[in-house]
Amino acid sequence: MNLKLIVALVLLGGAVTVGVTSFRKTVTPYITFAEARRASGLVQVNGVLADKAYVLKPDEQYLSFRLSDDKGEVLPVEYRGTVPGNFDQATSIVAIGRYDGKVFKADQLLVKCPSKYQAEADKAMAKGGTS
């Protein structure tokens, strides 16, 4: 077999290995709250705001709230950073971070808000129309 071909295959194999490894490190899996409490790395959890009793300190860019999943399990979350302006209207919240033994420390928050079109459809339905 040609030496150049062998070297090329080894380099290609190394490049594929590095690419796959890098991709796997950047993927943050969605997991349950129980799994998040046991996880050691960066994970993301999804839920809704459990109640309106959240603590917001805009000067400190600090937000503390309770996230509830579809099973009713509640996870305390702390976040430091720019708080999404529509946080209290969120229909779904994704927190990306890690559990430190007491609270889920979110590095990033993704907030899904109700669509203006959904609000218009709800108004039309309330008036007896169809959407």
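Scoring rules and cut-offs
Residues numbered from 1 in each chain as written. Predicted model: local features only at pLDDT ≥ 70, side-chain atom pairs only at ≥ 80, totals over all residues. Heavy atoms only, no water. UniProt positions renumbered as here; feature names shortened; annotations may be inferred. Helix = DSSP H or I, 4+ residues; strand = E, 2+ residues; numbered from the N terminus. Buried < 20%, exposed > 50% of the residue type's maximum accessible area, 1.4 Å probe, protein only. Pairing = 2+ DSSP bridges. Core = buried A, V, L, I, M, F, W, Y, C linked by side-chain atoms within 4.5 Å. Contact = heavy atoms within 4.5 Å. Phe/Tyr/Trp six-rings, centres within 6.5 Å; stacked < 30°, edge-to-face > 60°. Salt bridge = Lys/Arg side-chain N within 4 Å of Asp/Glu carboxyl O.

An unreviewed UniProt entry annotates the chain as Cytochrome c maturation protein CcmE originating from Eiseniibacteriota bacterium. As recorded by UniProt, the Subcellular location (unreviewed entry) comment attached to the chain reads in full: "Membrane".

**What to know about the environment of V18**
Position of V18 relative to the elements: it lies in helix 1 (residues 3-26). Looking at V18, the relative accessible area reads 54%, which means it is exposed. In this structure, the C-alpha to C-alpha distance between V18 and P29, residues 11 residues apart in sequence, is 20 Å.

**Regarding the pairing of strand 1 (residues 43-49)**
Of all 7 residues in strand 1, 5 are buried; the element is thus mostly enclosed. In this structure, strand 1 lies alongside strand 3 (residues 62-68), joined through 2 bridges in antiparallel fashion. Within strand 3, the position partnered with V48 by the bridge is S68.

**Regarding the nonpolar core**
In this structure, V45, F65, V77, I93, F104 and L109 are the most contacted members of the largest nonpolar core, which totals 20 residues. For this core, the secondary structure elements donating two or more residues are helix 2 (33-38), strand 1, strand 3, strand 4 (74-80), strand 5 (92-99) and strand 6 (104-112). Filtering out sequence-adjacent residues up to four positions away, I93 remains in contact with V45, N46, G47, L49, F65, L67, F87, L109 and L110.

**Concerning the packing of aromatic side chains**
Evaluation of the coordinates by the stated rule reveals 2 aromatic pairs. Aromatic pair Y54 and F87: ring centres 5.3 Å apart, planes at 85°, arrangement edge-to-face. A residue pair is termed long-range when its members are at least 10 positions apart, and Y54 in the loop between strand 1 and strand 2 (55-57) and F87 in the loop between strand 4 and strand 5 qualify at 33 residues. In this structure F87 comes out as buried when scored by relative accessible area, which is 3%. An angle of 65° between the planes, with centres 5.0 Å apart, marks the rings of F65 and F87 as edge-to-face. You can see F65 sitting in strand 3 and its partner F87 sitting in the loop between strand 4 and strand 5, a full 22 residues away along the chain.

**A few points about the pattern of salt bridges**
Overall, the coordinates contain 3 salt bridges when judged by the stated rule. Residue E73 pairs with R37 through a salt bridge whose shortest N-O separation is 2.5 Å. Residue E73 is found in the loop between strand 3 and strand 4, and its partner R37 is found in helix 2; the two are separated by 36 residues along the sequence. Given the relative accessible area of 29%, R37 is considered partly exposed.

**A word on the environment of S40**
Position of S40 relative to the elements: it lies in the loop between helix 2 and strand 1. Residue classification places S40 among the exposed residues on the basis of a relative accessible area of 74%. Sequence-wise, S40 and Y99 are 59 residues apart; in three dimensions their C-alpha atoms are separated by 7.7 Å.

**Observations concerning the side chain of S68**
Of note, S68 is situated in strand 3. Ignoring any residue separated from it by four or fewer positions in sequence, one finds S68 in contact with F33, G47, V48, A50, E73 and V74.

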